[in-house]
Every structure is written in structure tokens, then in C-alpha cells.
There are 2 protein chains.
Amino acid sequence: MEVITLKDIAKALNLSTSTVSRALRDSYEINEKTKKLVAEYAKKVNYRPNPIALSLKDNKSRAIGVIVPEIANNFFSQAINGIEDEAYSRGYHVVICQSHESLEREKENLRHLFERRVDGILISLSGKTKDIKHILEYSESNFAVVFFDRVPESSGFHKVVADNFSGAFAATEYLIQQGKKRIAHITSPLTLSITKERLEGYKKALEKHGIVVDNELIKYCGFDPEEAKATINDFINTQKPDAFFTCSDRLALHCYEAFQSRKDEMPADTPFFGFTNLNVSHLFSPKLSTVVQPAYEMGARAAKILLDQLESKRKVKDFEKIVLETYLKIS
Amino acid sequence: MEVITLKDIAKALNLSTSTVSRALRDSYEINEKTKKLVAEYAKKVNYRPNPIALSLKDNKSRAIGVIVPEIANNFFSQAINGIEDEAYSRGYHVVICQSHESLEREKENLRHLFERRVDGILISLSGKTKDIKHILEYSESNFAVVFFDRVPESSGFHKVVADNFSGAFAATEYLIQQGKKRIAHITSPLTLSITKERLEGYKKALEKHGIVVDNELIKYCGFDPEEAKATINDFINTQKPDAFFTCSDRLALHCYEAFQSRKDEMPADTPFFGFTNLNVSHLFSPKLSTVVQPAYEMGARAAKILLDQLESKRKVKDFEKIVLETYLKIS
DNA sequence: TTGTACGCGTTATCAA
DNA sequence: TTGATAACGCGTACAA
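Here, residues in each chain are numbered from 1, in the same order as that chain's written sequence. Chains carry letters from A onward and ligands carry numbers from 1 onward, assigned in written order. Note on the predicted model: pLDDT of at least 70 is required for a residue's local features to be given, and 80 or more for side-chain atom pairs to be given and counted; whole-chain, interface and lining totals, by contrast, use all residues. Computation of side-chain values covers all heavy atoms of the structure but excludes hydrogens and water.

1. Focus: the interface of chain B and chain A
For clarity, the threshold we go by: Only heavy atoms matter for contacts: two residues are in contact if any of them lie within 4.5 Å across the pair. Two parts placed together each lose some accessible area under a 1.4 Å probe, and adding up what both lose gives the buried area. Between Lys or Arg on one side and Asp or Glu on the other, a salt bridge is scored when a side-chain nitrogen of the former is within 4 Å of a carboxyl oxygen of the latter. Nitrogen and oxygen atoms within 3.5 Å of one another constitute a polar contact, given that in protein one can donate a hydrogen and the other can accept it, and given that sequence-neighbouring residues count only through two side-chain atoms. The helix and strand labels rest on DSSP assignments: H or I over at least four residues marks a helix, E over at least two residues marks a strand, and numbering proceeds from the N terminus. Gly counts as polar in this scheme, as do all residues outside two lists: the nonpolar Ala, Val, Leu, Ile, Met, Phe, Trp, Tyr, Cys and Pro, and the charged Asp, Glu, Lys and Arg.
At the junction of the two partners, chain B supplies 50 residues and chain A supplies 50 residues. For the pairing of chain B and chain A, the buried interface totals around 4,700 Å² over both sides, and the portion due to carbon and sulfur atoms is 58%. Linking chain B with chain A are two salt bridges. Glu115 of chain B is the salt-bridge partner of Arg48 of chain A, the closest N and O atoms lying 3.1 Å from each other. At the boundary of chain B and chain A, one finds 18 residue pairs in polar contact (both at pLDDT 80 or more). Elements with a contribution of two residues or more to the side of chain B that touches chain A: helix 4 (51-58), helix 5 (74-89), strand 2 (93-98), helix 6 (103-115), helix 7 (133-139) and helix 11 (249-261) of chain B. When grouped by side-chain class, the residues that make up the side of chain B that touches chain A number 24 nonpolar, 14 polar and 12 charged.

Here it is as C-alpha cells:
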């Protein structure tokens, strides 16, 4: 596979590179015959412009960066599918980085992508990220940033999220309708947007049905498996809830495992709910029901917003917040 | 976050860009005092060379491409983790593409990555790929390619694979030791290297234990859920095997679901084995045991080989084939 | 020890 | 209608 440049074509056809360049871009100032000649020859030798040269010239890379906590996770890999479909169909590359829930890694990723001159980034914040100073540094100098899933509170950004409130509300209400009254709520660190919204949904559902919120039934938990296990064990030992609602994708499995290993100490029909895109939850025993997020669509929408912004002439002034519906998957 | 170029530094310090360039690269021909001056100023303004300019100059991008059938799959996402860790630690970017088991998409991905001037690629072939003509086009013109997992038969390439033979052998032998004699073998298309190797392991285990291979118990199956379902149903309706061994990661779940939905028609202890890196298999009911591949290590090793090759002066003549051990995860 | 000039591949500007 | 030249940012051969 030979690499052909404009110069090669020019030499072969006895033209100047600028003529060839213009002919290929169908410029009005070029003779039709010349255009045809150039087009045919270019096709024959399979000419493709060197994207790196274009990047240098335009100071654009036609690549976007994605920063997520983890790839090996259904929610994020589905979201990435959405991002890639949108990006590739519009001629953009996607460079994926993982923060592994670490603020340091998130900073490194940002710097890395910025230096590589990606045109903009899509990011879902790490569990350790408490503010977005490190992101503002970049976004302020005209570097496009779109948040999805785990977004900051600050305004002044495009955001794409699931309707976490409604999802948590629906799951909680479902459990209440099953006759449950002491529903444990295990959730991610309060720094995350999703944590607050889901907790709110849980509380509002209880209130609607006249159940007093018991703060002993709400526990925040990091992403460490041991911590998840300890949390569940503690619940089973002391509060003895009649249902579990794990409000974090990353947490759900560890909690579920701890729950499963002690299921004999609980009534057989104790329901367990997660907030996860795990696509095999219906194969579990005991059953695992989940709130499912439209991960693919979230990714695709976020990418679309970013690319629209990159390709629009004027600087965006009004920022969108897209909220997509979740649905319950009852097992 | 300002973008600083050599020229900016040169102007600020009243030097030429070449002096600045050499000072930063610690050239012997530059005065120590100048070096220090430049280094300090560069650090202060946070100078970083523009990788795109370097790419254009060196005709290298310090990026590698990865083509896999699907990201949203534990095996591949774990392999990608290995690839990324190796690549990032050596200052390379990773661009990920999915073939979605389509030859056409695989070709597009190749062209895309090649045009983007990635320095080389890591690829696990799609299920539809029957030969590697489309890859030879590139590899012949000095474009580095390393295969992993699903590799071609052709010699002349670096390859990193799991010991598929031994994995399948061990799983089959385990089932035999459980007293099973009619073990169904459901596997991927014969075009894939992994298919043949795993089938061979299965057969050899049967032979070792004096069980005649019954070809009626071996079925090839595409990656379509319906096809998987039909295959399992057919087995249950006619051959009534006393154990199932699904030899494909992509297939295992669909087969398992079909199996589960008809488990009441089978003896309660009918074992089901997969060849998958699904990390929640132990939570399933009925039980799902698996042959697990060292996915992370496969990715990391493949990336290491590719990068070593890219950074080595001489052209590689003897190609390595790395074979990594699998292990059984009995549930 | 430092500076000037060039080239990587492309496009835009200016000249012919 | 076409061509020559400069510029994007960098490193290096050559000149001073």
C-alpha cells in the first residue's frame, strides 16, 4: 500500500501541487479537463490526503477524546459504542482513556488528550473528582468539553445524563408496591451527580407512599469490593432491610455477591435492585432487577453535541442538558 | 491553557528556534547557561512539543490502532486494558476500532487507521474473515501488524494467543471426570483459529479417556442469538447430551440462555461450560463454569511486541508466537 | 556556541 | 486557468 502525496501526483501529471490540490477540492478556478485528469489519476493511485499534514495546518485533528472511569463495564462500553458510531460516521477518530476512578489519572488523561490536540472531549467524571478546576483550565481556552453520565453541578457546559431521579423513583416505587417498607439504599460517593439524583428519587418515592425516610437505611460506599461487602454485611447484621437498592453500576455486583453469600439469613423473596446495564442480570439467582440507562444513546447524543459544536462557526452560548429516560428490567 | 511553541520561547528569550530546540533536547553543542535558561522558561510556560508537527516530520504518530470484534465484551475490554497500560506507559496513544464481526468493517477500520498514520496495529480477526489478503496489502509495505486471540494460520506475523487446545482439553477432561460421556461441543465458525484449536483439545481429551468422538455432538454456530438458540434446542431435542461445552466467548451467553430456559427437560446436574471471561459467571443459576483466558496479559504482551518492533532499528525476521495459559473457573 | 534554511504534506495568498 | 511561495511546528544539516 503505497502512500501517495500531492507532490507525487503533480510530478506525474506535470502540474503544480497547488493545481492538484485545487482540482481535487473541485475549485471553480480549475479547468474541467484538468480536474478530470487529476481526479482520475488520484483515484487510480488511491490518493488520500495526509490527515497529519491537515492537522498541522488547521490546528485540528478530527479526533475527539473520551475519558471514562473504566472500559470493562457494560454501561461505558455501550456508551462508547454510541460515541464511536456517531464520530466515525462524521469522519472523526475516537481516543479512549480510563481514569480508573482516580483524579490523578483523570488529570493525566486530560493533559494527554489536550497535548495530542484532540478537538474536544467527552468525559464522565471519576468517583474521586470533587471539583472541575482541572477541566476549567482547558475549557476556558476554547477547548470543547461535553459531560455525560457523571456531570458536574456547574452550569456552562453541555451535559447528557440519564433521568436518574425518575429511574430511582420507579425502582423504589416498584419495591414499595411489592410490599417492601425498609428498603436499603446503597450508593456511590456524594460527590457524584448521579448519587444525589438517585437518592432524591428514592426519598421522593418513599414520601409519596407515606414511608418515613430512615437515614440508617442509606449508606454511601466507595468502589472497593471489600467496602461493598462490609456495607451489605452491616445491613444484614443490624438493620435487616426487606429490600436492597444498589444505586451504582460499579457497586452493584460487589454488593450483590455479598448479598448472595448471605441470602439464607434473609427471607427468600428479598428483592435486590441495581442501577446497572449488566446485560446478564436476568440469569442471576437470586434475582437481580435493574434500572437500565440508555447508554448507547447517551454516548451518541453526547458525541453529536460535541461534534456539532466543533463544526459550528459561532461560539456556543446556551448550553444544553439532555436528560434521557431509563427503564426497569425486572427479573 | 495556552499552547506554547518553540517560536514563542525563542522570541521571549531572544534566541533562535533551533537553539531552543537543541537546548531542550540537551544537545552537547549548547551552552549550559543557555540550556538552563531555556529549560526553566519552558517549564514555567509549560511547553510541550506539538505531537502533530513531530508526526509530520518523522512520519510516525506514536499511536497504535486496535481492531477487535466488539468492545462490549469482557475478554476484549480486558485485553484493551492490557494494551492501553503498555502503550500509555511508553508514550503511545491507542485508537480502538470495532469490526462487529464484519469483514467489510474490518477493512474500513484498517484503511482508516492506516490513513491516520498509526504506527502499527493489533488485531483480533472478525468471525467473517476467511483470509488476510486485506491485511497483507498493508503489512507488506512495512506497516507493523501483530495478531492476538484470533490469528491467521499464515506464518510471517507476530501472534499472541491463549493455549486454546489445553484450555478445551482441561474443560473436557473435567467433565469426563464428572462422569459425563456425551459432551456437546458448540463452537464458532471453522474459519477462526480458536475454533480449530479448541475442537482439537476437546477431541484429544475424549480420546485419552477412550470415548469415541461423535460428530453429531459437534456443532458450528455463528454469532447470532437465534442461531445459538436453535443449536441448543436441537441438541436437547435430539442428541440429549449430558454436558454442554460452548467454545466461544461471543456464543456462550446466548447458548446458556437457551439452555437455561429448557433446563427442566434435562437432568438437574447437567453441567454447562463456557470459554469466556465473563466475570460474573459464578453468580449464575444453573451454574456456569468457564475456561478463562489471560486477556489483560494477552493485550499487554501483544502491545509490547508491537512497540518493541516499532522501536527497533532492524526489520524483524523471526516472528514470535506467544502462547499463554488459560485456567478453569469451576462454579 | 548559535543561527539560517529546509523539509515533512497541505492549503491559502498572491502573482502570472 | 495555473504556478510559486509561505505557513503550520519541529528537528537537523549546514553555515557562521
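On we go.
2. Thoughts on the relation of the copies chain B and chain A
In plain terms, the rule: Here the copies are superposed with least squares, the fitted atoms being C-alpha atoms of residues at a pLDDT of at least 70 in both.
Aligned on chain A, chain B shows an RMSD of 0.1 Å; the corresponding rotation is 180° and the shift along the axis is 0.0 Å. One copy is carried onto the other by what is essentially a two-fold rotation axis. Taking C-alpha positions as reference, the residue of chain B nearest the rotation axis is Phe284 of chain B, located at 2.3 Å. A shared interface surface links the copies, since 100% of the contact residues of chain B are contact residues in chain A too.

3. Concerning the protein's contact with DNA strand C
For clarity, the threshold we go by: Think of it this way: one heavy atom of a residue within 4 Å of a molecule or strand is enough to make that residue near it.
Near DNA strand C there are 24 residues, and of these Leu6 and Tyr47 of chain A together with Ser18, Thr19 and Arg22 of chain B occur at the shortest range. A distance of 2.9 Å is found between a phosphate oxygen of DNA strand C and a side-chain nitrogen or oxygen belonging to Lys7 of chain A. For DNA strand C, a phosphate oxygen lies 2.8 Å from a polar atom in the side chain of Thr34 of chain B. For the surface near DNA strand C, the elements supplying multiple residues, two or more each, are helix 1 (6-13), helix 2 (17-24) and helix 4 (51-58) of chain A together with helix 2 (17-24) and helix 4 of chain B. Its residues assigned to classes, the surface near DNA strand C shows eight nonpolar, nine polar and seven charged.

4. Examining the UniProt feature "domain: HTH lacI-type" (unreviewed entry) in chain A
Stated precisely, the cut-off is as follows: UniProt positions are given in the numbering used here, feature names are shortened, and annotations may be inferred rather than shown by experiment.
Those residues carrying the UniProt feature "domain: HTH lacI-type" (unreviewed entry) are residues 4-58 of chain A in this numbering. In residues 4-58 of chain A, helix accounts for 67% and strand for 0%; the two terminal C-alpha atoms are 21 Å from one another.

5. A closer look at the environment of Lys181 of chain A
In this structure, Lys181 of chain A sits in the loop between helix 8 (164-177) and strand 6 (183-187). Note: C-alpha distance between Lys181 of chain A and Glu311 of chain A (130 residues apart in sequence) is 52 Å.

6. Remarks on the packing of helix 4 of chain A against helix 4 of chain B
Note the following rule: A fitted line through C-alpha atoms serves as each axis, taken over the contacting stretch for helices, and the angle formed by two N-to-C directions is quoted from 0 to 180°. Working rule for angles: under 35 degrees goes down as roughly parallel, over 145 as roughly antiparallel, 65 to 115 as roughly perpendicular, anything else as oblique. A clockwise turn of the near helix away from the far one marks a right-handed crossing, whereas an anticlockwise turn of less than a right angle marks a left-handed crossing.
Relative orientation of the contacting elements helix 4 of chain A and helix 4 of chain B amounts to 140°, with a least axis distance of 9 Å. In this view, helix 4 of chain A runs oblique relative to helix 4 of chain B, as classed from their interaxial angle. With respect to the hand of their crossing, helix 4 of chain A and helix 4 of chain B are arranged in left-handed fashion. Two secondary-structure elements touch here, helix 4 of chain A through Ile52, Ala53, Ser55 and Leu56 of chain A and helix 4 of chain B through Ile52, Ala53, Ser55 and Leu56 of chain B.

7. A closer look at the sheet that holds strand 7 (residues 218-220) of chain B
Residues and elements named next belong to chain B. What counts is decided by this rule: Only when DSSP finds a minimum of two bridges between them are two strands counted as paired.
Pairing in this open sheet of six strands is mixed, and the strands run 7-6-8-9-10-12 from one edge to the other. In this open sheet, the two edge strands, each paired with only one partner strand, are strand 7 and strand 12 (327-329). Sheet twist, expressed as the average angle between the axes of neighbouring strands with direction ignored, equals 20°. Where strand 6 (residues 183-187) meets strand 7, three bridges bridge the pair, whose relative direction is parallel. Paired with His185 across the two strands is Ile218, which belongs to strand 7. Strands strand 6, strand 8 (243-246), strand 9 (272-274), strand 10 (289-292) and strand 12 of the sheet are contacted by helix 8 (residues 164-177), whose axis makes an angle of about 170° with strand 8.

8. A short note on the nonpolar core
Filter applied, for reference: Residues grouped as a nonpolar core are buried Ala, Val, Leu, Ile, Met, Phe, Trp, Tyr and Cys residues, joined through side-chain atoms within 4.5 Å. A simple rule labels every residue: compare its accessible area, found with a 1.4 Å probe on the protein chains alone, to the largest value its type can have, and call it buried under 20%, exposed over 50%, or partly exposed in between.
If you look at the biggest cluster of nonpolar residues, it comprises 84 residues, and the most contacted ones within it are Phe244, Phe245 and Phe284 of chain A together with Phe244, Phe245 and Phe284 of chain B. Apart from the residues lying within four places of it in its own chain, the contact partners of Phe244 of chain A are Leu175, Ala184, Ile186, Ile232, Phe235, Ile236, Phe259, Met266, Thr270, Pro271, Phe272 and Phe273 of chain A. Listed in part, the 56 residues of the second largest apolar core include Ala303 and Leu307 of chain A together with Ala295 and Ala303 of chain B.

9. A short note on the pairing of strand 5 (residues 158-162) of chain A
Residue and element names in this part refer to chain A. Counting buried positions along strand 5 yields five of five residues, so the element is predominantly enclosed. Side chains His158, Val160 and Ala162 of strand 5 all project onto a buried face; the interleaved residues Lys159 and Val161 project onto the opposite face, where all are buried too. Across three bridges, the pairing between strand 4 (residues 144-148) and strand 5 is parallel. Of the residues in strand 5, the one forming a bridge with Phe148 is Val160. By the bridge criterion, four bridges tie strand 5 to strand 11 (residues 321-324) in an arrangement that is parallel. Among the inter-strand pairings, Val160 is bridged to a residue of strand 11, identified as Ile322.

10. Remarks on the state of the cysteines
Residues and elements named next belong to chain B. We count it as follows: Disulfide: a pair of cysteine sulfur atoms within 2.5 Å of each other.
All chains considered together, the criterion is met by zero disulfides over all chains. Not part of a disulfide, Cys247 finds its nearest cysteine sulfur in Cys255, a span of 11 Å. When its relative accessible area of 0% is taken as the criterion, Cys247 is described as buried.

11. Considering helix 3 (residues 32-44) of chain B
Because each turn of an α-helix spans 3.6 residues, side chains separated by three or four positions end up pointing in the same direction. Residues and elements named next belong to chain B. Note the following rule: The span one expects for a helix is its residue count, reduced by one, times 1.5 Å. Read the arc as the range of directions from the helix axis to the C-beta atoms.
Between its first and last C-alpha atoms helix 3 spans 18 Å; for 13 residues at 1.5 Å apiece the expected length is 18 Å, and the two agree. Taken residue by residue, helix 3 has Thr34, Lys35, Val38 and Ala42 as its buried positions. End-on, the buried residues of helix 3 take up no more than an arc of 100°, which puts them together on one face. For helix 3, the exposed residues set more than 90 degrees away from the buried face come down to Glu32, Lys33, Lys36, Lys43 and Lys44. At the N-terminal end of helix 3, a side-chain oxygen is found 2.6 Å from the backbone nitrogen of Lys33, two or three residues along, and the residue is Asn31. In the stretch just after helix 3, Asn46 is the one whose phi turns positive, near 65°.

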